[in-house]
Amino acid sequence: MKSTNVKTKCSYVVMGLGQFLYGQRIKGLLYMAVLGLYIWYLFSAGITDIVGFFTLGTVEGDPWLGVAGDDSIIMMLKGILSFLILIAVIVFYFSNIRDIKNTEKLVEQGKPVPGFYASLLSFVDKKFYVVALFLPVVGVAVFNILPIIFMILIAFTNYGGDIVPPKLVDWVGLSNFAQILSLSGIKDTFVRILGWNIIWAVSATIINYFGGLFLALLLNKKCVKGKTFWRAFPILAYAVPGFITLLGFKFMFSYGGPINYYLKAFGLQAVGFLDIDAGWKARIIGLLVNAWISIPTSMLLATGILSNMNNELYEAASLDGAGRWKQFTKLTLPFVVFSTTPTLITSFVGNFNNFGVFYFLRGGLYLDDYFLASDTDLLINWLYNLSIDNNYYGIGAAVSLIIFIITSVISLTAYVNSSAFKKEDTFR
Amino acid sequence: MRKERLSEAVITHIVLIIVSFVFFFPVLWLVLASFSASGSIYDYEGFFPQSYSLGTYIKLFSDTQMYDYPSWLRNTLFVAVFSCVLSTVLVILTAYTMSRFRFKMRKPLMKTTLVLSMFPSFMGMTAVYLIMINFNLINNLWSLILVYSAGAPMGYLVQKGYFDTISNSIYEAARIDGASNPTIFWKVTMPLSKPILVYTALTSFAWPWSDFILPNMLLKNRDLWTVAVGLTHLGETEFSRFAAGAIFIAVPIVILYFSLSRFLVAGVSDGAVKQ
Amino acid sequence: MKYMKKALSLLLISSLAAGATACGSSSGKASGEKSEDGVITLRILENDTAKSEGYLDELLNEFNEAYKDKGIVAVDANMDEYSNLAENGPYGYGPDVLYQANDKLMTYAEDKHILALNRDDFECAKLIPEEAWDAFTIVVDGKQYTCAIPVNVQEPMLFYRKDKLPENWETDWDKDGDKTPDFFQNWSSLYQYSEQIQDDSDGENYGLVAACNDLYMMAEFMFSYGGYVFGKDENGISNPEDVGFGKADAAKGMMGLRQFAGVMSEECIDDSIGQNRYSKVADGTYFCSISTPDTYVLFHDRLADVYKAEGLSDAEASDKATENLGMIELPGKMPADGNLSGNDTEVDTVVMGGVNGYGISAYTEHKEACIEFVNFATSREMIKKRAEILGIAPTRSDVAEEIGGVTGMIFESLNAGHISLMPSVKAVDQIWDPMRTLLSDVAKDAFREIKGEEVKYSDEAAMQEALDKASQSIYDAIFTLSK
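Position labels on residues start from 1 in each chain and follow its written sequence. Written order determines the labels here, with chains lettered from A and ligands numbered from 1. Note on the predicted model: pLDDT of at least 70 is required for a residue's local features to be given, and 80 or more for side-chain atom pairs to be given and counted; whole-chain, interface and lining totals, by contrast, use all residues.

## Some remarks on the overall build of chain C
Let me state the cut-off plainly: Strands here are runs of E lasting at least two residues and helices are runs of H or I lasting at least four, both read from the DSSP assignment and numbered beginning at the N terminus. Within these notes, the globule rule equals 2.2 Å times the number of residues to the 0.38 power, and the radius of gyration is based on C-alpha atoms. Each residue is classified by how many other C-beta atoms fall within 10 Å of its C-beta atom, where C-beta atoms are placed from the backbone; a count of 20 or more means buried, 12 or fewer means exposed, and values in between mean partly exposed. A pair of residues counts as a contact when their C-beta atoms, built from backbone coordinates, are within 7 Å of each other.
Of regular secondary structure, chain C possesses 20 helices and 17 strands. Against the 2.2 N^0.38 benchmark of 23 Å for 483 residues, chain C shows a C-alpha radius of gyration of 25 Å, consistent with a compact globule. Per-residue burial for chain C yields a buried fraction of 52% across its 483 residues. Summarising the internal contacts of chain C: among those between residues at least 6 apart in sequence, 71% fall at separations of at least 24.

Below, the structure is given as structure tokens:
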């Protein structure tokens with residue numbers, strides 16, 4: 001009895017040692033290998049990286065004098081990476097403890113301890129979700145979460161403006177946020193753009209969603225012959241890269257473009273669809289162009305989902321004498337909306353952060369009453385102007401953090417309250 | 001009753017023709033532009049070039065000193081295929097797991113991914129660039145494949161929505177037959193997932209053809225550019241070449257669509273659910 | 001499933017083949033890496049025109065021939081012409097020697113991404129005027145450094161078709177009898193001529209149509225009247241705190257711009273003109289337009305197309321285009337009160353210009369070899385070749401004199417102070433967008449008047465206010481967030 005407890009405790013101190021002593025050699029060795037690797041990492045780079053995260057460099061580089069210097073930004077990145085690795089190791093450690101407790105129980109009950117292969121098989125079956133999600137989670141952690149953490153942290157530094165490598169960046173706490181709140185120009189611009197951004201995201205999502213659904217339903221009709229042929233046209237539009245379409249549309253609506261050419265040919269006056277006074281004209285053109293680009297995708301999606309519908313339901317419904325409108329509202333719509341609510345939310349988010357449309361159609365204008373932005377710019381375009389065009393990374397990051405908090409609260413509430421999230425099994 | 005059907009069919013087809021025209025016309029215009037003899041769009045009479053020739057396409061593939069289109073095409077194809085395969089695997093795995101299994105971290109994970117996707121991606125671009133510098137993957141096409149496929153699972157919601165509509169009874173039946181979870185995934189779920197597989201593969205295949213922000217940052221050498229990066233660097237008066245380049249990359253996607261469209265439309269409900 | 005597998009495997013195979021070649025050509029980072037046999041390789045970043053016109057090849061070939069024995073090889077850096085050294089250099093992906101404009105190069109200099117150079121190392125140094133050197137001078141801790149070697153001057157030029165000159169220009173448009181049409185010497189006259197073309201052709205053709213939203217092309221409407229970008233301190237170094245677009249009589253000049261826009265086509269408001277000036281000058285819709293000298297080839301090719309369409313052979317058309325395409329400096333005089341249809345006293349035109357030059361990356365491992373290369377590339381023969389092939393205006397006085405013509409004139413203008421160079425400080429990045437917005441609004445205002453809509457800039461006071469506002473927003477963009 002006692003000896004088993006000691007073996008278990010071994011795993012608390014050296015992860016994997018207990019398993020090894022219980023006879024689960026391979027598993028134990030694997031756990032120990034992870035620990036060994038981590039210790040090797042700590043001493044070869046990890047500790048320096050963690051320290052570097054807090055100091056952000058101490059030696060300023062000077063290429064003229066050949067002084068290599070510290071690169072604050074890289075140090076920050078490596079620091080974040082070392083924390084992520086630490087978290088991963090902690091997760092491993094706890095899984096190790098859970099595992100050793102299970103083994104201890106088995107031994108207490110006098111059952112045989114499973115071999116490596118057997119426990120691997122049962123793990124893959126019982127914890128299939130862990131196996132399946134391992135790679136996706138690692139990938140997302142390194143290429144999505146790490147950059148996002150990086151960006152959030154940038155909001156608390158003075159990175160940007162004159163302070164770019166080789167100069168050293170420093171932590172400045174909340175001063176970026178204080179600056180945003182104290183400058184009226186920024187506050188006003190923020191509120192104005194946010195208002196338009198919400199209108200844009202809502203209307204673009206609705207137009208694209210119902211446009212796609214409408215097309216899919218139209219093509220699904222029994223009387224339509226040659227469905228593949230008709231479906232090919234939206235697909236053509238889908239196949240041309242978006243930025244090319246956008247540049248093409250910008251040209252079409254420009255003063256030298258074909259639309260104004262025909263207006264003038266008919267003796268009308270040229271219209272500045274996208275110029276400085278355009279305002280709502282440009283906004284509506286943006287919505288339409290965006291619909292042209294996005295509807296094919298949502299049509300494809302709706303087609304896929306409609307094809308998954310149970311035809312028996314319809315047959316039953318028509319036997320019951322339900323009209324087609326009733327069939328649509330009572331059967332099709334709930335089914336489609338149910339299985340696409342998450343898509344609706346992603347599409348809303350995508351539209352909310354739709355950078356391309358106005359960057360290509362109407363970039364490079366700074367209007368009065370806006371700080372480094374125009375009346376068609378979305379928040380993401382403004383962020384781009386701030387942080388890429390004008391190099392204010394720190395401020396840009398702070399603004400995007402604020403935007404992020406607002407938008408994620410909105411979409412999270414919408415999502416959590418949606419039926420797709422609450423009642424996931426409705427149509428099973 | 002028959003008359004009603006007929007008039008409905010007529011209206012449906014009229015609407016279809018209008019819709020098709022709306023989608024087709026700008027593409028047609030782009031195609032015409034690519035055949036324009038003069039190269040610039042400003043010699044046009046309205047929408048149409050004054051004279052046509054194949055010159056642009058010939059130039060696109062032969063005049064490679066400044067703009068090495070054939071290389072760009074190879075690079076993009078390489079990136080698109082590998083990131084398509086990897087992303088599809090990762091997305092389907094993620095979506096299936098999130099739809100089929102109930103575990104403690106599930107809802108937090110779902111909420112986290114939703115929140116993460118709200119972030120403006122270019123703000124994190126600097127970090128991605130620095131990561132790639134540390135991995136020594138600048139000027140390497142694999143860096144793009146890595147980023148594209150690693151980020152793909154974030155967009156799992158569409159696929160999850162699809163899996164949510166597959167009836168639980170099928171799984172239970174398989175479970176009673178003694179199938180393990182990996183077996184169920186391969187033998188039961190996969191055959192039912194053709195439409196969504198095709199959808200996922202198509203979208204992830206098409207993405208590298210139009211993204212230019214990331215490759216522009218990660219690929220420095222001109223001969224390593226992808227088509228999208230290359231086209232954005234074309235001189236301002238090279239519109240024909242721009243259009244020709246765009247049309248040419250639309251071709252593989254359209255072909256793919258036609259060869260795969262059966263699967264997009266083929267209903268699963270007609271198949272397995274009824275069995 | 002079978003179909004899909006087939007399609008997928010096909011794609012996989014073809015992409016594997018593609019990948020093999022793609023990976024093969026992915027040469028590593030290596031800025032100036034020494035290869036095993038001790039040969040130094042220099043990566044040279046030149047601009048796209050130099051590349052497409054074949055000048056870069058000649059330069060590299062001649063250099064490699066001359067330095068074969070010294071073990072130095074220069075190769076094309078094979079990157080985008082505007083690629084950012086600050087982003088690539090520190091990590092080893094940048095070029096060793098780069099040719100860019102002064103505003104770009106000096107941005108790097110501020111953060112020491114390019115090396116400070118010793119003028120005496122360069123054989124061309126004494127032949128280059130101080131004005132050009134100034135563009136590449138920076139003050140660090142009270143000491144002046146030169147960070148790049150000037151190669152050529154850029155300024156906006158007037159492009160026109162010589163065979164479209166009015167037949168009667170010698171009698172009607174040469175009042176001073178100096179054998180040059182007045183409309184090439186005086187903005188008022190150009191305005192009147194444009195007005196006349198428009199009237200005669202019933203609005204089909206135009207005189208001058210230029211990109212009114214482009215600060216680089218339009219700066220003369222402020223600079224000639226005492227406006228400037230940034231003020232200078234006692235060392236002659238730009239001070240971004242002093243934004244000068246609205247200073248002195250700049251508002252008068254902008255009223256002139258507004259007036260001129262009224263006789264242009266509406267295409268001058270947005271980006272249309274930037275792309276169609278080449279073909280519209282070629283087909284005669286516009287009598288002339290404004291562009292930079294490096295776009296000469298584009299005008300030339302479009303014009304040759306026009307002649308080809310008239311039935312000439314390729315060679316004949318090209319020759320005829322060369323003969324008939326005129327490229328001259330902008331008219332040298334503007335009306336002092338900004339009224340283009342008045343008869344007021346005149347002021348000299350001052351345009352915005354830039355100096356392009358060679359900088360040496362601070363991250364190169366072969367500084368000496370780079371200096372050798374720059375010396376070679378700025379030698380008399382190479383600069384002369386550059387001027388001949390690319391039509392640039394060199395800063396080397398001996399070549400400028402030898403070639404003469406327009407090239408010589410640009411050189412003279414620089415000396416005479418008729419070219420105000422873009423400031424060589426980072427803050428210059430922030431002037432373009434606010435000014436572009438203002439300029440297109442002013443041009444648009446002319447058409448608001450024509451269409452009977454409400455105008456914004458009816459008098460000088462309104463214009464002054466707009467200029468002040470734009471200057472303020474430039475100031476804000478530079479300083480609000482960094483304080």
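## Some thoughts on the overall build of chain B
Each helix and strand counted, chain B has 13 helices and zero strands in total. Its helices and strands in sequence order give chain B the pattern α-α-α-α-α-α-α-α-α-α-α-α-α, from N to C terminus. Within the span of chain B, comprising 275 residues, buried residues form 54% of the whole. Sequence separation of 24 or more characterises 72% of the internal contacts of chain B that already satisfy a separation of 6 or more.

## Here we look at the nonpolar core
Defined as follows: Here, a nonpolar core denotes buried Ala, Val, Leu, Ile, Met, Phe, Trp, Tyr and Cys residues that are linked to one another through C-beta atoms within 7 Å.
In this structure, B:Ala246, C:Ile114, C:Cys212, C:Met254 and C:Cys268 are the most contacted members of the largest nonpolar core, which totals 326 residues. Looking at which element gives the most residues to this core, the answer is helix α3 (residues 69–100) of chain B, with 17 residues. Not counting chain neighbours up to four residues away, the residues in contact with C:Ile114 comprise C:Leu85, C:Leu105, C:Tyr108, C:Ala109, C:Cys147, C:Ala148, C:Gly359, C:Ile360, C:Ser361 and C:Ala362.

## Quick notes on the interface of chain A and chain B
The line we're drawing: By the convention adopted, Pro, Cys, Tyr, Trp, Phe, Met, Ile, Leu, Val and Ala count as nonpolar, Lys, Arg, Asp and Glu as charged, and the other residues, Gly among them, as polar.
Listed by partner, the interface residues are 82 residues for chain A and 80 residues for chain B. Looking at which element gives the most residues to the side of chain A that touches chain B, the answer is helix α6 (residues 128–154) of chain A, with 17 residues. Its residues placed into classes, the side of chain A that touches chain B shows 53 nonpolar, 24 polar and five charged.

## Quick word on the sheet that holds strand β8 (residues 206–208) of chain C
Residue and element names in this part refer to chain C. Short version of the rule: In short, DSSP must find at least two bridges between two strands for them to pair. In this analysis, axes come from line fits to C-alpha atoms, helices being fitted only over the stretch in contact, and the angle between any two N-to-C directions falls in the range 0 to 180 degrees.
The four strands lie next to each other as β8-β11-β7-β12, forming an open sheet whose pairing is mixed. Of all the strands in the sheet, just β8 and β12 (325–329) have a single pairing partner and so form its edges. For this sheet the average axis-to-axis angle between neighbouring strands, irrespective of direction, equals 30°. As judged from the five bridges shared by strand β7 (residues 157–161) and β12, these two strands associate in the antiparallel manner. Within β12, the residue paired with Leu-158 across the bridge is Ile-328. Of the strands in this sheet, β7 and β11 (286–291) touch helix α12 (residues 272–282), which is tilted by about 145° from β11. Set on the sheet, helix α13 (residues 296–309) makes contact with β7 and β12; between it and β12 the angle comes to about 155°.

## Thoughts on helix α16 (residues 379–389) of chain A
All names here are of chain A. With nine of 11 residues buried, α16 lies mostly within the body of the structure. What α16 keeps buried is the set Leu-379, Ile-380, Asn-381, Trp-382, Leu-383, Tyr-384, Asn-385, Leu-386 and Ser-387. Looking at the buried residues of α16, the elements they touch are α8 (184–220), α15 (356–362) and α17 (393–417). Of the residues flanking the end of α16, it is Asn-391, one or two places downstream, whose phi is positive at about 65°.

## Some points on the confidence of the model for chain B
All names here are of chain B. Stated formally: Within a predicted model, pLDDT stands for the predictor's per-residue confidence, ranging from 0 to 100.
This prediction gives chain B a mean pLDDT of 82; 90% of its residues lie at or above 70. Taking the mean pLDDT of every element in chain B, the minimum, 78, falls on helix α13 (residues 239–265) and the maximum, 92, on helix α6 (residues 141–151). Every residue in residues 267–275 is under pLDDT 50, and counting partners more than four places away or in other chains gives 15 contacts.

## Notes on unusual backbone geometry
Positive phi, close to 60°, is recorded for B:Asn139, a residue that is not glycine. By C-beta crowding, B:Asn139 is classed as partly exposed, having 18 other C-beta atoms within 10 Å. With a phi angle near 50°, C:Ala248 is a residue other than glycine that sits in the positive phi range. Structurally, C:Ala248 is set in the loop between β10 (238–243) and α11 (250–261).

## Section: the packing of α12(C) against α13(C)
Residues and elements named next belong to chain C. The criterion, for reference: Relative orientations are named as follows: roughly parallel for angles under 35 degrees, roughly antiparallel for angles over 145 degrees, roughly perpendicular for angles from 65 to 115 degrees, and oblique for any other angle. The handedness criterion is simple: a crossing whose near helix is rotated anticlockwise from the far helix by less than a right angle is left-handed, and one whose near helix is rotated clockwise is right-handed.
At a minimum axis separation of 8 Å, α12 and α13 run at an interaxial angle of 40°. Judged on the interaxial angle alone, α13 and α12 are oblique. With respect to the hand of their crossing, α12 and α13 are arranged in right-handed fashion. For the pair α12 and α13, the contacting residues are Tyr-278, Ser-279, Val-281 and Ala-282 in the first and Leu-298, Phe-299, Arg-302, Leu-303, Asp-305 and Val-306 in the second. Here the contact of α12 with α13 is composed, by residue class, of seven nonpolar, one polar and two charged.

## Describing the pairing of β7(C)
All names here are of chain C. Most of β7 is tucked away, with four of its five residues classed as buried. Relative to β11, β7 runs antiparallel, the two sharing four bridges. From the neighbouring strand, Leu-158 faces β11, where its bridge partner is Ile-290.

## Structural notes on the environment of A:Trp230
Structurally, the position occupied by A:Trp230 is in helix α9 (residues 227–239). Accessibility expressed as a C-beta count within 10 Å gives 19 for A:Trp230, which makes it partly exposed. Along the backbone, A:Trp230 and A:Leu219 are 11 residues apart, and their C-alpha atoms lie at a distance of 7.6 Å. Apart from the residues lying within four places of it in its own chain, the contact partners of A:Trp230 are A:Leu219, A:Val224, B:Leu16 and B:Ser20.

## What to know about the packing of α13(C) against helix α14 (residues 314–324) of chain C
Residue and element names in this part refer to chain C. It is at 8 Å that the axes of α13 and α14 come closest, and there the two elements cross at 125°. The orientation of α13 with respect to α14, classified from their angle, is oblique. Classified by chirality, the crossing of α14 by α13 is right-handed. Seen from α13, the contacting residues are His-300, Leu-303, Ala-304, Tyr-307 and Lys-308; seen from α14, they are Asp-314, Ala-317, Ser-318, Lys-320, Ala-321, Thr-322 and Asn-324. The class makeup of the residues in the contact of α13 with α14 is five nonpolar, four polar and three charged.

## Describing α12(C)
Residue and element names in this part refer to chain C. Among the 11 residues of α12, 11 are classified as buried, and the element is accordingly described as predominantly covered. Buried within α12 are the following residues: Ser-272, Ile-273, Gly-274, Gln-275, Asn-276, Arg-277, Tyr-278, Ser-279, Lys-280, Val-281 and Ala-282. Each element contacted by the buried residues of α12 is listed here: β7, β11 and α13. Among the residues trailing α12, Gly-284 stands out with phi positive, at a value near 85°.

## Concerning the confidence of the model for chain C
Residues and elements named next belong to chain C. For chain C, mean pLDDT is 84; residues scoring 70 or higher make up 92% of the total. The lowest-confidence element of chain C is helix α1 (residues 2–25), averaging 44 in pLDDT; the highest-confidence one is β7, averaging 93. For the stretch residues 1–8, pLDDT sits under 50, and the model shows nine contacts to residues farther than four places along the chain or on other chains.

## Describing the pairing of strand β3 (residues 97–101) of chain C
For a regular strand, the rule is simple: side chains alternate between the two faces of the sheet. All names here are of chain C. Of all five residues in β3, four are buried; the element is thus mostly enclosed. Across two bridges, strand β1 (residues 40–45) lies against β3 in parallel orientation. Within β3, the residue paired with Leu-45 across the bridge is Leu-98. Where β3 meets strand β15 (residues 351–360), five bridges bridge the pair, whose relative direction is antiparallel. Bridging from a neighbouring strand, Ala-101 pairs with Asn-356 of β15.

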